[in-house]
Every structure is written in C-alpha cells, then in structure tokens.
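Read off the chains here:
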Amino acid sequence: MDKERVLPRLLVRVEEAARLCSISRSLMYELVAAGEVPSLSIGRSRRIPLDGLRAWIEAQTGPDGEAAELPAVGPEERHRRRNARRGRETGR
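Keep in mind it's a predicted model, so treat the numbers as computed, not measured.

Caption draft 1: Region of the structure containing the overall build of the chain. Helix and strand counts for the chain stand at four helices and three strands. Element order for the chain, N to C, with α for helix and β for strand: β-α-α-β-β-α-α. Here the chain holds 92 residues, and the buried ones make up 20% of them. Nonlocal contacts in the chain, meaning residues at least 24 apart in sequence, comprise 42% of its contacts between residues at least 6 apart. Total accessible area on the chain stands at roughly 7,500 Å², and carbon and sulfur atoms take up 49% of it.

Caption draft 2: How the structure looks around the nonpolar core. Grouped together as the largest cluster of nonpolar side chains are 13 residues, with contacts concentrated most on Ala17, Met28, Val37, Ile48, Leu53 and Trp56. Among the secondary structure elements, those contributing two or more residues to this core are α1 (14-21), α2 (25-33) and α3 (50-59). The element best represented in this core is α1, accounting for four residues. Beyond its immediate stretch of four places on either side in the chain, Val37 contacts Met28, Leu31, Val32, Ile48, Leu53 and Trp56.

Caption draft 3: Broad picture of the packing of α1 against α2. Following both chains from N to C, one finds α1 and α2 inclined at 110°, their axes separated by 8 Å at the closest point. With respect to their mutual orientation, α1 and α2 come out roughly perpendicular. Contact with α1, carried on its side by Val14, Glu15, Ala17, Ala18 and Cys21, involves Arg25, Met28 and Tyr29 of α2 and no other residues of that element. Grouping the amino acids of the contact of α1 with α2 by side-chain chemistry returns six nonpolar, no polar and two charged.

Scoring rules and cut-offs
Residues numbered from 1 in each chain as written. Predicted model: local features only at pLDDT ≥ 70, side-chain atom pairs only at ≥ 80, totals over all residues. Heavy atoms only, no water. Helix = DSSP H or I, 4+ residues; strand = E, 2+ residues; numbered from the N terminus. Buried < 20%, exposed > 50% of the residue type's maximum accessible area, 1.4 Å probe, protein only. Contact = heavy atoms within 4.5 Å. Areas by Shrake-Rupley, 256 points an atom, 1.4 Å probe, with all protein chains shown as cover. Core = buried A, V, L, I, M, F, W, Y, C linked by side-chain atoms within 4.5 Å. Axes fitted to C-alpha atoms, helices over the stretch in contact; angles between N-to-C directions. Parallel < 35°, antiparallel > 145°, perpendicular 65-115°, else oblique. Nonpolar A, V, L, I, M, F, W, Y, C, P; charged D, E, K, R; others polar.

Dropping the structure here:
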C-alpha cells in the first residue's frame, strides 16, 4: 500500500496565527476584525489563510527590513470596535 500523501495546511485558527506571529490571541482577533489580516468564516469558525498571513507579515516589514510598529489599540477603541461588530451604538 502507498502511504497517503500529506497535504500542506492552507488555513489556521486565529489562535494558531497569533502564536505564529508571537502576538496575543485578542490582538489577532482585533486585526482580523479591522480587516488588516485576511480571514474567512466557515460556519461559526474563523480561519486565516497561511498565504494571507505571510503577505500581511511582509506588508508589516519596512523598506529597510525592520519590522513596522503595530498601532496601539486602547481599551476604549477595543470597546468601540466590539460594539460596532455587534451592531450596537456607543453612548459616548
């Protein structure tokens, strides 16, 4: 019998993508929600294409090869984004 061919993974969970980038799970979810990191929804799951993640990482690298700074997102902005995703108005 032939061994089954192992295919490379094309998609990873958000938690795995965060671990690969050495950032927190919540920051990766914020980047996905902001549309900065490409993702797709499969049922109730969110997956990130590895090719898209690699492209995003390359885009974060400056022309001199140094990593660019990720924008800092404070608790008020996270709250606003979360409410916007849930379709709620912020009363502020």
